[in-house]
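Here is what each chain is made of, one letter per residue.
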2 protein chains.
Amino acid sequence: MKPSIPQGTRDFSPSEVRKRQYILQTIRTIFERYGYQPLETPSMENLTTLMGKYGEEGDRLIFKILNNGLHEKKDADKKNLNEEWQKLLEKPYSTPVVTERALRYDLTIPFARYVVMHQHELAFPFRRYQMQPVWRADRPQKGRYREFWQCDCDVVGSTSLINEAELLCIYQSAFHHLAVPQVTVKINSRKLLAGMAAIAGHESQMMDITIAIDKLDKIGWEGVTKELHNRGIDAEGITKIQNIISLSGTNDGILEQLAQLMQEHQCTIGLQGVEELKQTLQYYETLKSSDWSGTIAVDASLARGLNYYTGIIVEVTTAAVKMGSIGGGGRYDDLTGLFGLKGLSGVGISFGVDRIYDVIEELGLFPEALESGCKAMVVNFGGENETYALQVVQQLRNAGIATELYPDAVKFDKQMKYAHKRNIPFVLLLGDEERAQQLISIKDFRTGTQQKLPLAEVIQHLSNE
Amino acid sequence: MKPSIPQGTRDFSPSEVRKRQYILQTIRTIFERYGYQPLETPSMENLTTLMGKYGEEGDRLIFKILNNGLHEKKDADKKNLNEEWQKLLEKPYSTPVVTERALRYDLTIPFARYVVMHQHELAFPFRRYQMQPVWRADRPQKGRYREFWQCDCDVVGSTSLINEAELLCIYQSAFHHLAVPQVTVKINSRKLLAGMAAIAGHESQMMDITIAIDKLDKIGWEGVTKELHNRGIDAEGITKIQNIISLSGTNDGILEQLAQLMQEHQCTIGLQGVEELKQTLQYYETLKSSDWSGTIAVDASLARGLNYYTGIIVEVTTAAVKMGSIGGGGRYDDLTGLFGLKGLSGVGISFGVDRIYDVIEELGLFPEALESGCKAMVVNFGGENETYALQVVQQLRNAGIATELYPDAVKFDKQMKYAHKRNIPFVLLLGDEERAQQLISIKDFRTGTQQKLPLAEVIQHLSNE
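Residues numbered from 1 in each chain as written. Chains lettered and ligands numbered in written order. Predicted model: local features only at pLDDT ≥ 70, side-chain atom pairs only at ≥ 80, totals over all residues. Heavy atoms only, no water.

### Digging into the overall build of chain A
From N to C terminus, chain A includes 17 helices and 16 strands. Across its three principal directions, the C-alpha atoms of chain A cover 90 × 70 × 45 Å. Residues counted as buried form 58% of the 465 residues belonging to chain A. The contacts in chain A between residues at least 6 apart in sequence include a share of 68% that link residues at least 24 apart. Total accessible area on chain A is roughly 19,200 Å²; 47% of this is exposed by carbon and sulfur atoms. (Helix = DSSP H or I, 4+ residues; strand = E, 2+ residues; numbered from the N terminus. Buried < 20%, exposed > 50% of the residue type's maximum accessible area, 1.4 Å probe, protein only. Contact = heavy atoms within 4.5 Å. Areas by Shrake-Rupley, 256 points an atom, 1.4 Å probe, with all protein chains shown as cover.)

### Structural notes on the nonpolar core
B:Ile23, B:Phe31, B:Ile170, B:Phe175 and B:Phe351 are the most contacted members of the largest nonpolar core, which totals 128 residues. Here the element with the most residues in this core is helix H6 (residues 162-177) of chain B; it accounts for nine residues. Judged by nonpolar contacts, the second largest core, of 125 residues, contains A:Leu39, A:Ala165, A:Leu228 and B:Val378. (Core = buried A, V, L, I, M, F, W, Y, C linked by side-chain atoms within 4.5 Å.)

### Describing the interface of chain B and chain A
Taken together, the 108 residues of chain B in the interface contact 107 residues of chain A. Interface of chain B and chain A: buried area, both sides summed, is about 9,400 Å²; carbon and sulfur atoms make up 57% of it. It is B:Arg33, B:Glu40 and B:Trp85 in chain B that bury the most area against chain A; as a group they hold 7% of the surface buried on that side. Applying the counting rule to chain B against chain A returns eight salt bridges. A:Asp11 is the salt-bridge partner of B:Arg113, the closest N and O atoms lying 2.6 Å from each other. Across the contact surface, chain B and chain A share 50 residue pairs in polar contact (both at pLDDT 80 or more). Per-class residue counts for the side of chain B that touches chain A are 50 nonpolar, 32 polar and 26 charged. (Buried area = accessible area lost by both parts, 1.4 Å probe. Salt bridge = Lys/Arg side-chain N within 4 Å of Asp/Glu carboxyl O. Polar contact = N/O pair within 3.5 Å; in protein donor to acceptor, adjacent residues only side chain to side chain. Nonpolar A, V, L, I, M, F, W, Y, C, P; charged D, E, K, R; others polar.)

### A few points about the relation of the copies chain B and chain A
Each copy of the sequence occupies a distinct position, and chain B is placed on chain A by a rotation of 180 degrees and an axial shift of 0.0 Å, giving an RMSD of 0.0 Å. Such a combination of turn and shift is consistent with a two-fold rotation axis. Closest approach to the rotation axis within chain B is made by the C-alpha atom of B:Ile65, at a distance of 2.2 Å. Mapped onto chain A, 99% of the interface residues of chain B are again interface residues, and the two copies thus contact each other with one and the same surface. (Least-squares fit on C-alpha atoms with pLDDT ≥ 70 in both.)

### Digging into the packing of aromatic side chains
Summed over all chains, the structure comprises 31 aromatic pairs over all chains. Judged by centre distance (4.4 Å) and plane angle (45 degrees), the rings of B:Tyr54 and B:Tyr105 are tilted. Linking B:Tyr54 in the loop between helix H2 (47-50) and helix H3 (55-61) with B:Tyr105 in the loop between strand E4 (101-103) and helix H5 (108-117), this pair joins segments that are 51 residues apart in sequence. With a relative accessible area of 19%, B:Tyr54 lands in the buried category. Taking the relative accessible area as the measure of exposure, B:Tyr105 reaches 8% and is therefore buried. One aromatic cluster in this structure is built from A:Phe31, A:Tyr129, A:Tyr171, A:Phe175 and A:Phe351. The positively charged end of A:Arg10 is found above the aromatic ring belonging to A:Tyr145, 3.4 Å away from the centroid. Here the basic side chain of B:Arg127 rests over the ring of B:Tyr36, its NZ or CZ set 5.8 Å away from the ring centre. (Phe/Tyr/Trp six-rings, centres within 6.5 Å; stacked < 30°, edge-to-face > 60°. Lys NZ or Arg CZ within 6 Å of the ring centre and 35° of its normal.)

### Observations concerning unusual backbone geometry
Residues and elements named next belong to chain A. Backbone torsion omega between Phe 124 and Pro 125 reads -5 degrees, so that peptide bond is classified as cis. Note that Pro 125 resides in the loop between helix H5 (108-117) and strand E5 (126-135). The phi dihedral of Gln 266 is positive, around 45 degrees, even though this residue is not glycine. Relative to the helices and strands, Gln 266 is located in the loop between helix H11 (251-264) and helix H12 (268-287).

### Some details on the pairing of strand E5 (residues 126-135) of chain B
All names here are of chain B. Most of E5 is tucked away, with ten of its ten residues classed as buried. With two bridges joining them, strand E1 (residues 37-38) and E5 adopt parallel strand pairing. When the sheet's bridge partners are listed, Gln 37 is paired in E5 with Arg 128. (Pairing = 2+ DSSP bridges.)

### Focus on helix H1 (residues 14-33) of chain B
Residues and elements named next belong to chain B. Taking 1.5 Å as the rise per residue, H1 with 20 residues should run 28 Å; its terminal C-alpha atoms sit 28 Å apart, in good agreement. Within H1, 15 of the 20 residues are buried, leaving the element largely enclosed by the surrounding structure. In the segment just after H1, Gly 35 is the residue with positive phi, at about 85 degrees. (Expected span 1.5 Å × (residues − 1).)

### Brief notes about the pattern of salt bridges
Residue and element names in this part refer to chain A. With the rule as written, the count across this model stands at 59 salt bridges over all chains. In this structure, the salt-bridge partner of Glu 227 is Arg 231, at a minimum N-O distance of 3.0 Å. Its relative accessible area of 15% is what places Glu 227 among the buried residues. Counted as one network, the salt bridges with shared partners bring together Asp 208, Lys 215, Glu 227 and Arg 231.

### Here's the deal with the sheet that holds strand E7 (residues 183-189) of chain B
Residue and element names in this part refer to chain B. Spatial ordering of the open sheet is given by E1-E5-E6-E11-E10-E9-E7-E8, a layout of eight strands whose pairing is mixed. Here the strands that pair on one side only, and so sit at the sheet edges, are E1 and strand E8 (295-298). Where strand E9 (residues 309-318) meets strand E10 (residues 327-332), five bridges bridge the pair, whose relative direction is antiparallel. Bridge pairing in E10 links Tyr 309 to Tyr 332.

### Side note on the domain arrangement of chain A
Its domain assignment divides chain A into domain 1 (14-63 + 105-363) and domain 2 (373-464). Once you take the C-alpha centre of each, domain 1 of chain A and domain 2 of chain A turn out to be 50 Å apart. (Domains from an automatic or database assignment.)

### Quick word on the environment of A:Tyr418
As for its position among the elements, A:Tyr418 is in helix H15 (residues 412-421). The class for A:Tyr418 is buried, based on a relative accessible area of 4%. In the structure, A:Tyr418 is positioned twelve residues away from A:Tyr406 in sequence and 8.9 Å away in space, judged by C-alpha atoms. Reaching out from A:Tyr418, the side chain makes a polar contact with the side chain of A:Glu404 at a distance of 2.7 Å. A distance of 3.4 Å separates a polar atom in the side chain of A:Tyr418 from a polar atom in the side chain of B:Arg127.

### Considerations on the sheet that holds strand E6 (residues 147-156) of chain A
Residues and elements named next belong to chain A. With mixed pairing, eight strands are arranged side by side in an open sheet as E1-E5-E6-E11-E10-E9-E7-E8. The sheet is open, and its two borders are formed by strand E1 (37-38) and strand E8 (295-298), each paired with just one other strand. Pairing analysis gives six bridges linking E6 to strand E11 (residues 346-351), with the strands arranged antiparallel. For Val 156, the partnering residue across the bridge sits in E11 and is Gly 346.

### So, the pairing of strand E15 (residues 440-444) of chain A
All names here are of chain A. With four of five residues buried, E15 is to be regarded as a mostly interior element. As judged from the four bridges shared by strand E14 (residues 426-429) and E15, these two strands associate in the antiparallel manner. Its bridge partner lying in E15, Leu 428 is registered against Ile 442. When E15 meets strand E16 (residues 450-453), the two strands line up antiparallel, connected through four bridges. Bridging from a neighbouring strand, Ser 441 pairs with Lys 452 of E16. From the end of E15 to the start of E16, which pair antiparallel, there are five residues, and Gly 448 there has a positive phi angle of about 80 degrees.

### Thoughts on the state of the cysteines
Under the definition given, this model contains zero disulfides over all chains. Summary of cysteine pairing: A:Cys151 is not part of a disulfide, and the nearest cysteine sulfur, belonging to A:Cys153, is at 7.8 Å. (Disulfide = S-S within 2.5 Å.)

### Quick look at the confidence of the model for chain A
Taken as a whole, chain A shows an average pLDDT of 93; of its residues, 98% reach a score of 70 or greater. In the model output, the complex is listed with pTM 0.93 alongside ipTM 0.92. (pLDDT = per-residue confidence, 0-100.)

### Remarks on the side chain of B:Ser15
In this structure, B:Ser15 sits in helix H1. Each residue touching B:Ser15, except ones within four places of it in the same chain, is listed here: B:Leu370 and B:Glu371.

### Examining the packing of helix H7 (residues 190-199) of chain B against helix H12 (residues 268-287) of chain B
Think of two packed helices as two axes; the pair is described by the angle between the axes and how far apart they sit. Residues and elements named next belong to chain B. Interaxial distance between H7 and H12 falls to 7 Å at its minimum, and their mutual angle equals 150 degrees. Judged by the angle between their axes, H7 and H12 are roughly antiparallel. By crossing handedness, the relation of H7 to H12 is classed as left-handed. Contacts between H7 and H12 involve Lys 191, Leu 192, Ala 194 and Gly 195 on the former and, on the latter, Ile 269, Gly 270, Gln 272, Gly 273, Val 274, Glu 276 and Leu 277. (Axes fitted to C-alpha atoms, helices over the stretch in contact; angles between N-to-C directions. Parallel < 35°, antiparallel > 145°, perpendicular 65-115°, else oblique. Left-handed = near helix turned anticlockwise from the far one by under 90°.)

Okay, here's the thing in structure tokens:
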């Protein structure tokens, strides 16, 4: 039997784990610095918590867990189980007896569920971040996995646009520290999209228009026109939409044109959208660091597919690598309403960890030290030299230097081959001569150079590396 | 609808996440220092990888995932699905069509599966650590969850007892850094248990004897006697077993008595067990730090339930809190043999993260800073003071100090109440006066004191805290 893992899942090798940890740790530090707090929710949620929250397609893609103890059911129950099974075959998402639990599909719904359950203990505004895997029974393909990580931060219980501006700063700071080049954070407002729908004469079809425009990158303007037409938008409306979403210029310039347009049509919601974007960008200007190479760009064509957004929306891309968006988010006015807590506005952003990994890997921007966690290997010459080696290796560790002693006194070549395969940069040799002199021969694998030093200097040398 | 989470699962609040991260990060740093490398395997494994590895009870407790796309099956398949369903009702662990995937039950089997799959790329000895959740459909009770974390480190491909000694050092170092008091690492060898079975005249029943003795802490000697009797051990044999497992004294003393006994009975495997324990402790003496308050204690009654151990076994307890073992492990000679790779010896230990958490929490030993991640909150007085506040808050963050600005210029009391509920130790006040003087009023919530300082001094004050 040849072992394997399920389609669409991955083992992460040591260097992959270290690189992923590097990304997550960089982002975590920034979240903490902005007062966001870590939350972890269970991998399993009650099926009723998840069903109906992600559309019919989403319901189908949720991984459901088989109830345990089926074999223990009494015969009377078996009839019931058989009935449930028949329902499952017809309609796999309404089967409370066969399956009552499911794997988390995203981090947003569990967050809303948590806030509602703990509303009386929490201090609002409640800022949380969450970095955990989610599972989707999607058809696996390049870059799409059935288990993947999400990394979200959200604040609920405040309508202040300072939150939006701080989230822009978090993006800025994270991509700056991760050294991802040519980053653009596109920004728009659902209120402008609503205004646009009104101007196009299809006020009630804001979501139809949004869903069509969201595909612009994938299917181009021709495809969007067709989709708008299919969704019942007339030719005149389509032209107006095109005029708006193709506005270009500086951020101020675009906002000026949008303000004029909304003014002409006396569109209150659209004007509100412009005002909110202006205010957000102004807060951002006060907060931002000057050393970031990326751009914040108002983009009237930015739509975002999710239907719970109601205010500012953002999406992050990099021009350095051919890749979809590497982050996104927005404001939602009633997420917790799904679980009975009305009127709690929130705003959040998400980092696409897997794609960010791919970008950094493709550009070769991961720090070299992540390749091998271990800095030095001590060769094992056996006997009394082994005892000397044990003492030395322990002192290196006590000084904070990750060090291995090869555990068996096997052939020198075999030990060197191991160190090489492990990508360990330094090898320490403690033979009879070194032991007699109380010195250590240190070989730098990358340069091939070798020198004999006392322990204190070896520690200093390795610490500085 | 009142939202809830599945029985036996937990939400981890911000302070709980931080405390758990503190434990995991402390252990991770030590693992890395000893050259152990991180590995992460998927939450889901193929059902065939897991089934039959944990005994019949284990098979039942594995959480199985329902195959998706059931509704898409053709009618011809439905008959098949119905047949599989009938099998499932009778025998829930042999149903490849209804369920082909399952949630990880421990970290050991996925590790063995990974090593076999990647045997040609890995450098042996391969040291890996893994910290991930596992799932078991056990009946939930106090301290027993259906989703819980395991934290393992193992090395495979070396029979050197230096590995055992280094793992003892890892335990020592971890519990020292976590400040868990009164720790004892009990140590024994399966080879001594085999020798004991031989001396008792029941050489082939080593596992029966081991399973019975493993319950000593729970059911006492009387219970163990009964169980040994039920498993067919005669009275004379039981007496001999009792004599051996109740040996006491210093480590050297116990080992001396054991050596003598094994010598008398010319028991080769038992003598080998004694020798290995002696050698391991000798290596440990060379490696150990002198500043640890815990004890390594040879204990001839230590058995460990798992049947794959073949050499040295260990178990960790603390006398400071009433609690079961907080760690354990041992050497196994043929774990990867399950997946077709024979003869790869390994040794590993595990940390019981949930119990260690409970111990540290009960003793009040978590660092205070973990309670609130955020060090300071800036009060929002609105208008131009808000702009000044935005500039200050950003400079604090740039200096590495986790700081929040209250996002809305609401009533002072409401803002202070928030800071208090969030356990934020410092509040910064930036009103008209402070802005005019370019100073900051800093209030220490714990002492109630307040002073007015320039930004640089505030940064220094908060950094030193």
